[in-house]
Amino acid sequence: GNSVTQMEGPVTLSEEAFLTINCTYTATGYPSLFWYVQYPGEGLQLLLKATKADDKGSNKGFEATYRKETTSFHLEKGSVQVSDSAVYFCALIRRNSGNTPLVFGKGTRLSVIA
Amino acid sequence: DTEVTQTPKHLVMGMTNKKSLKCEQHMGHRAMYWYKQKAKKPPELMFVYSYEKLSINESVPSRFSPECPNSSLLNLHLHALQPEDSALYLCASSQVEAGGLGDTQYFGPGTRLTVL
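Source: prediction; values computed, not measured. (Residues numbered from 1 in each chain as written. Chains lettered and ligands numbered in written order. Predicted model: local features only at pLDDT ≥ 70, side-chain atom pairs only at ≥ 80, totals over all residues. Heavy atoms only, no water.)

Colleague: Could you give an account of the overall build of chain A, naming the residues involved and the relevant values?
Modeller: What chain A contains, in helices and strands, is 0 helices and 12 strands. Taking 13 Å as the expected radius of gyration for a compact globule of 114 residues, we find that chain A reaches 14 Å, a close match to that expectation. When its C-alpha atoms are laid out on the principal axes, chain A stretches across 45 × 30 × 20 Å. Out of the 114 residues belonging to chain A, those deemed buried represent 44%. For chain A, long-range pairs separated by at least 24 residues make up 57% of all intrachain contacts whose partners lie at least 6 apart in sequence. (Helix = DSSP H or I, 4+ residues; strand = E, 2+ residues; numbered from the N terminus. Rg over C-alpha atoms; globule rule 2.2 N^0.38 Å. Buried < 20%, exposed > 50% of the residue type's maximum accessible area, 1.4 Å probe, protein only. Contact = heavy atoms within 4.5 Å.)

Colleague: Can you lay out the overall build of chain B for me, pointing to particular residues and giving the numbers?
Modeller: Helix and strand counts for chain B stand at 0 helices and 11 strands. Along chain B, helices (α) and strands (β) appear in the sequence β-β-β-β-β-β-β-β-β-β-β when read from the amino end. Its C-alpha atoms give chain B a radius of gyration of 14 Å, near enough to 13 Å, the size a compact globule of 116 residues would have. Considered along the principal axes of its C-alpha atoms, chain B spans approximately 45 × 25 × 25 Å. Of the roughly 5400 Å² of accessible surface on chain B, a fraction of 50% belongs to carbon and sulfur atoms. (Areas by Shrake-Rupley, 256 points an atom, 1.4 Å probe, with all protein chains shown as cover.)

Colleague: So, the sheet that holds strand β9 (residues 75-77) of chain A: which residues are in play, and what are the values?
Modeller: All names here are of chain A. Taking strand neighbours across the sheet as the criterion, the 4 strands line up as β3-β9-β8-β7 in an open arrangement whose pairing is antiparallel. With partners counted over all chains shown, the strands left at the sheet margins are β3 (19-21) and β7 (56-59), one partner each. Going across the sheet, the axis of each strand differs from the next one's by a mean of 15°, ignoring polarity. (Pairing = 2+ DSSP bridges. Axes fitted to C-alpha atoms, helices over the stretch in contact; angles between N-to-C directions.)

Colleague: With reference to specific residues and values, describe the side chain of Ser72(A).
Modeller: Residue and element names in this part refer to chain A. Here Ser72 shows up in the loop between β8 (62-65) and β9. Residue classification places Ser72 among the buried positions, given a relative accessible area of 4%. Side-chain polar atoms of Ser72 contact the side chain of Thr70, separated by 2.8 Å. For Ser72, the residues in contact, after removing those within four places along its chain, are Cys23, Thr24, Tyr25, Leu33, Thr65, Tyr66 and Arg67. (Polar contact = N/O pair within 3.5 Å; in protein donor to acceptor, adjacent residues only side chain to side chain.)

Colleague: Give me the interface of chain A and chain B: which residues, what numbers.
Modeller: On the side of chain B, 25 residues touch chain A, which itself brings 24 residues to the contact. Each partner contributes to the roughly 1800 Å² buried at the junction of chain A and chain B, and carbon and sulfur atoms together form 53% of this total. Among the residues of chain A in contact with chain B, Leu44(A), Asn99(A) and Phe104(A) are the three that bury the most area, contributing 26% of the side total. Put simply, chain A and chain B have 0 salt bridges between them. Applying the counting rule to chain A against chain B returns 4 residue pairs in polar contact (both at pLDDT 80 or more). Sorting the residues of the side of chain A that touches chain B by element identifies β5 (31-38), β6 (44-50) and β10 (86-94) of chain A as the ones contributing at least two each. Along the lines of polarity and charge, the residues of the side of chain A that touches chain B split into 9 nonpolar, 9 polar and 6 charged. (Buried area = accessible area lost by both parts, 1.4 Å probe. Salt bridge = Lys/Arg side-chain N within 4 Å of Asp/Glu carboxyl O. Nonpolar A, V, L, I, M, F, W, Y, C, P; charged D, E, K, R; others polar.)

Colleague: Pulling in residues and values, what's your account of the pattern of salt bridges?
Modeller: What the rule picks out here adds up to 5 salt bridges over all chains. In this structure, Asp84(A) and Lys77(A) form a salt bridge, with 2.7 Å as the shortest nitrogen-oxygen distance.

Colleague: Quick one: what's the story with the environment of Phe34(A), residue by residue and with numbers?
Modeller: Mapped onto the secondary structure, Phe34(A) falls in strand β5. Taking the C-alpha atoms as reference points, Phe34(A) and Lys52(A), 18 residues apart in sequence, are found 11 Å from one another.

Colleague: Please set out the environment of Ala92(B) residue by residue, giving values where relevant.
Modeller: All names here are of chain B. Relative to the helices and strands, Ala92 is located in strand β9 (residues 87-94). In this structure Ala92 comes out as buried when scored by relative accessible area, which is 0%. Along the chain, Ala92 and Gln25 lie 67 residues apart, while their C-alpha atoms are 8.7 Å from each other. Leave out the neighbours within four places in its chain, and Ala92 touches Ala31, Met32, Tyr33, Tyr35, Gln105, Tyr106 and Phe107.

And the structure:
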């Protein structure tokens, strides 16, 4: 079946540090890949996405590249801010496969300290 | 505009109450979703409506009753809930692709439900 594995948190970084959150997936076919962010007390916001191999999604200084050969979609940011403290979810959905659902990883909590 | 709105933001109800959660989107999306999220967990899918018809029900107890009155609105009717139903309830919407539901889902801010 389809699944997403992401690094367990919490991850604690100092402001301006480099961030990597690892995400790997298992899926048949060619899924679309997503990173969602959930700030404290809020819903999920789409952070970025990629729909085919070698695509790079980017937004707000965050980037992730769809790597088919390593089945990965790692999230990176060069310099984190306190305002980036949130829970980050990696997710996938299979295209052209009927009513298959969005599959989430377990989430990674990021805390950035000043 | 990629906004999904949900009301109310917070809801406290007793186990004998009847209440409803509401969700609205004006992006022209024809698929709408209800998710339940417990603390420190990812969202769990409850229901999916595609073209206003229920297409997925993930074995949700009958005390949760979804309704999709039109393509922009989605309701979740609650009756005789249990304390373990306390959670954040998220609504989402997406386009429907020719091959199924495989398009980007946009989420609302959620309703924080507490059952006493």
